[in-house]
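# Examining the three-dimensional arrangement
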Amino acid sequence: MKILVTRADGIGFPGYIKSIKKSKDLNAEIIGVSHETNAIGFNFVDHHYIVPKVIEKPEEYVQEILKICVIEKIDILLPVDGNETIHFAKNKSLFDKINTKIITSNLCSLIESSDKHKTYSICESIGIPTPKYVAVKNFVQFKKGLEELGYPNTKICFKPSISSGSRGFRVLLLPNKDRVNEFFTEQADNSISVDEFKQIVGDNNFPELLLMEFLPGEEISVDVLADNGKALVIVPRVREKVIGGASYVGRTVFDEEIIKFSKVITAKFNLDNIVGIQFKKDEIGVSKIIEINARTHGGLIISILSGANLLELGIKKNMGIGFDQPIIKWNNYVYRYIDDFSGV
C-alpha cells in the first residue's frame, strides 16, 4: 500500500510516519512532500518530493500532488495542513479518477467548520455550550463589543473567525499594564493592549474577529475518527503543556460530557475521517467549544500512544479493511521532546 503524507516539515510528521509504519496490516510505503528542501520528515519516509507552498500557489500545489499520486500510484492521500484540505476536497473528483482516496471531510463540512462564527452559531442551536462572543469587523465595533462583554472587568481574548491553529489569537491586556517592565522581565506571549491593536488596524475594516470571554480552565482536544457523521472512535485529551500552539505534554481523559458533545458535533457537521474538536473549561468547569478542525490535530500522537492509532484505523476505513475498537489507556501521560540527529 502506498500512502502520501503532506507537510513533511511539520513537528508531528515523524510521529505520524512511525505510527503508520508500525502497523503490520498496512505494510505501507510512504511518500512525504514539503515545500522545504530540508524538511525533517524526509528522513522518515521511503521517497520524498519538493512541492509548492499551498498557501501561496494552491492550484499549482494540487496539480503537483495529483501528478505525484499518478507517478507513485498512491492509494491514500493524508493531508495534515488545514490550509490544504479545502483545496483537496474541491478537487476530490480528480483523485477519484486515479483511485487515490483522500482522508478528509467533505467540502461543505470543511467550509462550515472552518468559520468559527458559523461554528458557534450552529453549536448554540444544538445545545453545545460556546464562549460568550461578539463578531466585529472594525475598531468601532471592537470597542462596542468589549463593552458588551464587560471589559475590563471581564478578561477578553479574540481570534479571526477563519484561521488555523493559534494564528491571530490574542489576549487583551488590562488597562495601564506596565508594558516596559513586561518587555524586560517576562517572556513573549500572545497578549496585546487595546491601544496596540488600534495602532495595527487603524480605522479600516478588517477580516471578521470574534471577541470572546477568556476561558481559564483546562483545554481539551478531542481526536475523532468519523464515518460520514458517525463518530467511530473518540479520544479526549488534556493539553497539559502547550508551546507555540503545539502540545508537548498531554493526557487522555475519559470525559463523558465531552464525548457526548463530540458525537453530536460530528453528526451535525457531517464530519468524516480524522478530525479534531477543541474545548476549554470556564471558571466553574463548564466545557465550551473553541473550534473544529476537520483534519488531524498536531497532538494526535498522544491518542496514538494511548492505544488509539487513528491514522492506522483511518487508512483501514478508507481501504475497506475492518478493525476492532481500540483499547484506550485513560489518564495516560504522553511527553514530546526535541531530538537531534544528522540527516538529509
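We now turn to the structure provided with this report. Only a predicted model underlies this, so the values are computations on that prediction, with no experimental measurement involved.

Attention now moves to the pairing of strand β13 (residues 246-252). Most of β13 is tucked away, with seven of its seven residues classed as buried. Pairing of strand β12 (residues 230-243) with β13, which is carried by six bridges, proceeds in the antiparallel orientation. By the bridge assignment, Arg239 is partnered in β13 with Gly250. The antiparallel pairing of β12 with β13 creates a hairpin that spans two residues between the two strands, and Gly244 there sits at a positive phi of about 60°.

Here the focus is unusual backbone geometry. With an omega of 10°, the peptide bond between Tyr151 and Pro152 qualifies as cis. Note that Pro152 resides in the loop between α7 (139-149) and β7 (156-160). Backbone geometry at Asn27 places phi at a positive 45°, although glycine is not the residue there. Its place among the elements puts Asn27 in the loop between α1 (13-21) and β2 (29-34). The phi dihedral of Asn273 is positive, around 65°, even though this residue is not glycine. Along the chain, Asn273 falls in strand β14 (residues 273-281).

A separate point is the packing of helix α3 (residues 82-90) against helix α5 (residues 107-114). Each pair of packed helices gets described by two things: the angle between the helix axes and the distance between those axes. Across the interface, α3 lies against α5 with an axial gap of 9 Å and an inter-helix angle of 150°. On the basis of their axis angle, the class for α3 and α5 is roughly antiparallel. Judged by the sense of rotation from one axis to the other, the crossing of α3 with α5 is left-handed. Side by side, α3 and α5 meet where Thr85, Ile86, Ala89 and Lys90 of the first sit next to Leu107, Leu110, Ile111 and Ser114 of the second. Taken together, the residues of the contact of α3 with α5 sort by class into five nonpolar, two polar and one charged.

Rules used throughout
Residues numbered from 1 in each chain as written. Predicted model: local features only at pLDDT ≥ 70, side-chain atom pairs only at ≥ 80, totals over all residues. Heavy atoms only, no water. Buried < 20%, exposed > 50% of the residue type's maximum accessible area, 1.4 Å probe, protein only. Helix = DSSP H or I, 4+ residues; strand = E, 2+ residues; numbered from the N terminus. Pairing = 2+ DSSP bridges. Axes fitted to C-alpha atoms, helices over the stretch in contact; angles between N-to-C directions. Parallel < 35°, antiparallel > 145°, perpendicular 65-115°, else oblique. Left-handed = near helix turned anticlockwise from the far one by under 90°. Contact = heavy atoms within 4.5 Å. Nonpolar A, V, L, I, M, F, W, Y, C, P; charged D, E, K, R; others polar.

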